[in-house]
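# Coordinate analysis (summary)
These are the residues of each chain, in order.
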Amino acid sequence: MAVEQPTAREAEQTRIHNIGYRSYDGPRLGRAYARRSLYSQSLRGAYGLGRSVKSKVLPMLLFVVMCVPALIMVAVAVATKAKDLPVEYTRYAIIMQAVIGLYVASQAPQSVSRDLRFKTVPLYFSRPIETADYVRAKYAALASAMFILTAAPLIVLYVGALLSKLDFAHQTKGFAEGLVSVALLSLLFSGISLVIAAATPRRGFGIAAVIAVLTISYGAVSTIQAIAHVHAADSTALVWMGLFSPVTLIDGVQTAFLGASSSFPGGHGPSSAQGVVFLLVVLGLIAGSHGLLMRRYRKAGL
Amino acid sequence: MTPTGPYDWSLTRIPLCGLTTAVACLTTVDDVTVIATESLSKRYPRVTALDRLSVDVEPGVTGLVGANGAGKSTLIKILLGLSPATEGRAEVLGLDVATKGGAIRERVGYMPEHDCLPPDVSATEFVVHMARMSGLPPAAARERTADTLRHVGLYEERYRPIGGYSTGMKQRVKLAQALVHDPQLVFLDEPTNGLDPVGRDEMLGLIRRIHTDFGISVLVTSHLLGELERTCDHVVVIDGGKLLRSSSTLDFTQTTTTLAIEVTDTDEHPDGTSAVRDALHARGLTAQDGSGLPGAGRILLVTAEGEQTYDLVRDVVADLGLGLVRMEQRRHHIAEVFKESDAQRKEAVGHGG
């Protein structure tokens, strides 16, 4: 025993000080898992989760600003015992477009410009995921974040409507139409914004460029529409003008197919036939954004 | 001795474990070629980046040397399966780069030459994210990140945003993200770029440990040959996309030994150096002036063919009654490969013209 004890102590010491390299034999979950991880990381990042306190402020604030009017409307509807909500489900996002624009303008560059600006992209592509995985994860994450932002107030309205015992069938139909509309809007806005953000690696420029594209196009289109409404007897030109801004595109689609009343001047929304064109343009823009992002990242490789 | 207690058991088992791992190492690591290319070419419309490059890289630390634009980065890109070769084929860890890119990228790590770190996250958060991008489950990603950051020498600072790190610390984070998923092979692109001499030494030591302690093979690029001499088992030199030379570091530096000799002058021999040169010449040994070396004119360079050369020099100097200031081995430097190739190229140009 006298001989054994020092060896035992030595063994104990080596164990304590042994911080040697340990190899990893556990599972490697591969490409699909990496894509999911990137999606959830980007989605959380779009609300500042897992980032600094400073970067949580704006997205959270905008989320609250999106929901507060819905809460007020519900409160008013309940208090005045109104027969219907003061605003249609499909109309809510159009009214709140400035907030939505601000949100997507601030978060799209956050999502993609950082990786480009700090050249982190090669680190992704030296791993199992490929260009398509990266683009889809980022696109899906921002679209989901947008959907959360735009669908949350609709849920508030719907729950409020049910609580104040408004007509269930009518409310459910409106709510469903509203959800389809904001889903399209989320895909369209995030696609356009990501393309712009991916083309401008500097975050500040990206924010400015997204806001400019969204608001200037809407401002220009609605001004021309207003002029057309006053001067032209025919409303056809007015309707087609709606194809040239993201907000009026969504407005056109939901007027034609989702039972919305148009916010075009004079309420001249597109007919079903015209609506098909609006829908095709929306889908084309979504597909086009995806294609452009793929092209952008194929070049950004190593 | 019969095992009587738990301590005896551990005593008898430890060497056994050591033995099995050593055998495992021999069979699983040493017998494979980690990288093999066969007349690999990459042509862009206006440039040929790689020109029929055939090279085999064995486990260990391999240096890839070449001037800027020699094709180093192109080669790494092809080996990661990110860029198709124009012709020829390549295998990494026995996997074809053209068809098994994903599987290769799961098993190798890559540390780019340029900055690639976002400044607003901590090293821990960043490396955990990169571990998950390599397919590690969340818990394993966190555990491996803590381990890896410690191995590369980042401790308390790993919780602070990367923006505040020194260049040396950033290089360590870059290295950590390449190692976090325990790859079998890592590509390190100019890892010592921008480091001060101390940081350079530490990084080179770390690269050596990646192979010796972690058991990971390394392909490291550099344009500084002296660095690779100190860390690599094997050196591959490419120039203009062509293979210039591929051999072990020992071959590069120790095929022939040159002796540098310096002697004193005496009244009898006012110019001791030339007296020794003449005497050596009389014994059939050509000595060259150490031109270009410090103390030129007073130093003789003699090619040592074996032990007898040392004895000969000693005897010659003693016979002349001179004092031997020094007689030392001068190691060849890899840099001389470039001088040789330059000379060859000039020769070729001369013949052509």
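A few points on the structure. The numbers attached to residues start from 1 for each chain and follow its sequence in the written order. Starting at A for chains and at 1 for ligands, labels are handed out in the order in which the entities are written. Residue-level local features of this predicted model are given only where pLDDT is at least 70; pairs of side-chain atoms are given and counted only at 80 or more, and the full residue set underlies all totals for whole chains, interfaces and linings. Water and hydrogen atoms were dropped before computing side-chain values, which therefore reflect all heavy atoms in the structure.

## Let's talk about the overall build of chain A
Going by this rule: Working definition: helices are DSSP H or I runs of at least four residues, strands are E runs of at least two. Numbering for both runs from the N terminus. This radius of gyration counts C-alpha atoms alone. The globule rule is 2.2 Å times how many residues there are, raised to the power 0.38. A simple rule labels every residue: compare its accessible area, found with a 1.4 Å probe on the protein chains alone, to the largest value its type can have, and call it buried under 20%, exposed over 50%, or partly exposed in between. Contact criterion: two residues are considered in contact whenever any of their non-hydrogen atoms come within 4.5 Å of each other. Using the Shrake-Rupley algorithm and a 1.4 Å probe, accessible areas are obtained, with residue cover drawn only from the displayed protein chains.
Along its length, chain A carries 12 helices and 0 strands. Put simply, chain A runs from its N terminus to its C terminus through helices and strands in the order α-α-α-α-α-α-α-α-α-α-α-α. In summary, chain A has a C-alpha radius of gyration of 25 Å against a globular reference of 19 Å for 302 residues, an excess of more than 25%. Every one of the 302 residues in chain A was classed for burial, and the buried ones make up 49%. Across chain A, every contact between residues at least 6 apart in sequence was considered, and the portion connecting residues at least 24 apart equals 77%. Accessible surface, chain A as shown: approximately 14200 Å² in total, 68% of it carbon and sulfur.

## Thoughts on the packing of helix α7 (residues 131-163) of chain A against helix α8 (residues 168-199) of chain A
Residue and element names in this part refer to chain A. Formally: In this analysis an axis means a line fitted to C-alpha atoms, helices contributing only their contacting stretch, and an angle means the value between N-to-C directions, from 0 to 180 degrees. Here roughly perpendicular refers to angles of 65 to 115 degrees, roughly parallel to angles under 35, roughly antiparallel to angles over 145, and oblique to all remaining angles. Helix crossings get a hand from a simple test, with the near helix turned counterclockwise from the far one by less than a right angle marking a left-handed crossing and a clockwise turn marking a right-handed one. In this classification, Asp, Glu, Lys and Arg are treated as charged, Ala, Val, Leu, Ile, Met, Phe, Trp, Tyr, Cys and Pro as nonpolar, and every other residue, Gly included, as polar.
Where α7 meets α8, the axes come as close as 8 Å, and the angle between the chain directions of the two elements is 155°. On the basis of the axis angle, α7 is roughly antiparallel to α8. Remark: the crossing between α7 and α8 carries right-handed chirality. Of the residues belonging to the contact of α7 with α8, the class tally is 20 nonpolar, 7 polar and 1 charged.

## Points about the layout of surface pockets
To keep it simple, the criterion reads: With a 1 Å grid laid over protein atoms only, a set of points is called a cavity when a 1.4 Å probe fits there but cannot get out and a pocket when it is open yet has protein on both sides within 12 Å along at least five of seven lines; lining residues have an atom within 4 Å of a point. Grid points are joined across faces, edges and corners, and a volume is the space filled by probe spheres set on the points.
For the largest pocket, the calculated volume is near 1000 Å³. Forming the walls of the largest pocket are 39 residues, and the residues nearest its centre are Gln41(A), Gly50(A), Arg51(A), Arg114(A) and Val121(B). Take the lining of the largest pocket: its biggest share by element is 8 residues, from helix α5 (residues 97-117) of chain A. Classifying every residue of the lining of the largest pocket gives 12 nonpolar, 15 polar and 12 charged.

## Section: the sheet that holds strand β4 (residues 87-92) of chain B
In sheet architecture, strand pairing relies on hydrogen bonds along the backbone and comes in two forms, parallel and antiparallel. All names here are of chain B. Formally: Strands qualify as paired when DSSP identifies two bridges or more between them.
Strand order in the open sheet formed by 4 strands is β2-β1-β4-β5, with antiparallel pairing between adjacent strands. Strand pairing shows two members of the sheet lacking a second neighbour, β2 (48-57) and β5 (95-96), which therefore form its edges. Where strand β1 (residues 35-43) and β2 come together, 6 bridges link them in antiparallel fashion. Its bridge partner lying in β2, Ile 35 is registered against Val 57. Each of β1, β2 and β4 touches helix α2 (residues 72-79); the most contacted strand, β1, lies at about 115° to it.

## Observations regarding the interface of chain A and chain B
In plain terms, the rule: What counts as buried area is the accessible surface, traced by a 1.4 Å probe, that two parts surrender upon association, with contributions from both included. Counted as salt bridges are all cases of a side-chain nitrogen of Lys or Arg within 4 Å of a carboxyl oxygen of Asp or Glu. Any pair of nitrogen or oxygen atoms within 3.5 Å is treated as a polar contact; in protein, a donor-acceptor pairing is required on top of that, and neighbouring residues in sequence qualify only through side-chain atoms on both sides.
Contact with chain A, which involves 33 residues of that partner, is made by 45 residues of chain B. Interface of chain A and chain B: buried area, both sides summed, is about 3600 Å²; carbon and sulfur atoms make up 56% of it. For the pair chain A and chain B, the interface holds 3 salt bridges. For Glu130(A), the salt bridge identified is with Arg105(B), shortest N-O distance 3.3 Å. The interface formed by chain A and chain B holds 18 residue pairs in polar contact (both at pLDDT 80 or more) in total. If you list the elements that add at least two residues to the side of chain A that touches chain B, you get α1 (4-17), α2 (30-45) and α6 (121-125) of chain A. With 6 residues, α2(A) is the largest single contributor of residues to the side of chain A that touches chain B. For the side of chain A that touches chain B, the class distribution of residues is 17 nonpolar, 9 polar and 7 charged.

## Thoughts on empty space enclosed by the protein
Residues and elements named next belong to chain B. Evaluation of the coordinates by the stated rule reveals 4 cavities of 30 Å³ or more. Put simply, the largest cavity is a space of about 50 Å³. Around the largest cavity, the lining residues are Ile 35, Val 55, Val 57, Leu 64, Leu 75, Leu 79, Leu 219 and Val 236. Going through the elements one at a time, β2 and α2 are the ones with two or more residues in the lining of the largest cavity. Its residues assigned to classes, the lining of the largest cavity comprises 8 nonpolar, no polar and no charged.

## Considering helix α11 (residues 307-320) of chain B
All names here are of chain B. Selection criterion: Multiplying 1.5 Å by the residue count of a helix minus one yields the expected span of that helix. By definition, the arc is the one covered by directions from the helix axis to the C-beta atoms.
Helix length check: α11 (14 residues) gives 21 Å between terminal C-alpha atoms against 20 Å at 1.5 Å per residue, within 8%. Within α11 the residues assigned to the buried category are Thr 309, Leu 312, Val 313, Val 316, Val 317 and Leu 320. For α11, the angular spread of the buried residues around the axis is 125°, confining them to a single face. Of the exposed residues in α11, the ones pointing more than 90 degrees away from its buried face are Glu 307, Ala 318 and Asp 319. Just downstream of α11 lies Gly 321, where phi reads positive at about 75°.

## Comments concerning unusual backbone geometry
Of note in this structure, Lys165(A) is not a glycine but carries a positive phi near 55°. For Lys165(A), the location among the structural elements is in the loop between α7 and α8. Lys165(A) gets classed as exposed once you look at its relative accessible area, which sits at 74%. Residues other than glycine seldom take positive phi values, yet Leu93(B) does so here, at roughly 55°.

## Quick notes on the environment of Ala105(A)
Residue and element names in this part refer to chain A. Mapping Ala 105 onto the fold places it in helix α5. When its relative accessible area of 0% is taken as the criterion, Ala 105 is described as buried. Each C-alpha atom, one on Ala 105 and one on Pro 86, is 29 Å from the other, the two residues being 19 residues apart in sequence. Those residues within four positions of Ala 105 in sequence are excluded, and the remaining contacts are Ile 207, Val 210 and Ile 211.

## Section: the packing of helix α6 (residues 167-179) of chain B against helix α7 (residues 197-212) of chain B
All names here are of chain B. Here α6 crosses α7 at 10°, and the two axes come no closer than 12 Å. Classified by the angle between their axes, α6 and α7 sit roughly parallel to one another. Packed against α6, whose contacting residues are Gln 171, Arg 172, Leu 175 and Leu 179, the element α7 presents Glu 202, Met 203, Leu 206 and Ile 210 at the interface.

## Quick look at the sheet that holds strand β8 (residues 217-222) of chain B
Residues and elements named next belong to chain B. Strand order in the open sheet formed by 6 strands is β6-β7-β8-β3-β9-β10, and the pairing between neighbours is mixed. What marks the edges here is a single partner per strand, and that holds for β6 (108-111) and β10 (242-248). In this sheet, neighbouring strand axes are inclined to one another by 15° on average, regardless of whether the strands run parallel or antiparallel.

## Thoughts on the pattern of salt bridges
Tallied over the entire structure, the rule returns 22 salt bridges over all chains. For Lys138(A), the salt bridge goes to Asp115(A), with nearest N and O atoms at 3.7 Å. Here the residue Lys138(A) occupies a position in helix α7, and Asp115(A) occupies one in helix α5, the gap between them amounting to 23 residues. Of the two residues, Lys138(A) and Asp115(A), both sit in the buried class. Close ionic contact of Asp213(B) with Arg209(B) constitutes a salt bridge, the shortest N to O distance being 3.2 Å. Residue Asp213(B) is classed as partly exposed on the basis of its relative accessible area of 45%. On the accessibility criterion, Arg209(B) (30% relative accessible area) is partly exposed.

## A closer look at the side chain of Ser134(B)
Tracing the sequence through the fold places Ser134(B) in the loop between α4 (123-133) and α5 (138-151). Using a relative accessible area of 1% as the deciding quantity, one classes Ser134(B) as buried. A polar side-chain atom of Ser134(B) sits 2.8 Å from a polar atom in the side chain of Arg127(A). Discounting residues that sit within four places of it in the chain, Ser134(B) has contacts with Arg127(A), Pro128(A), Glu106(B) and His181(B).

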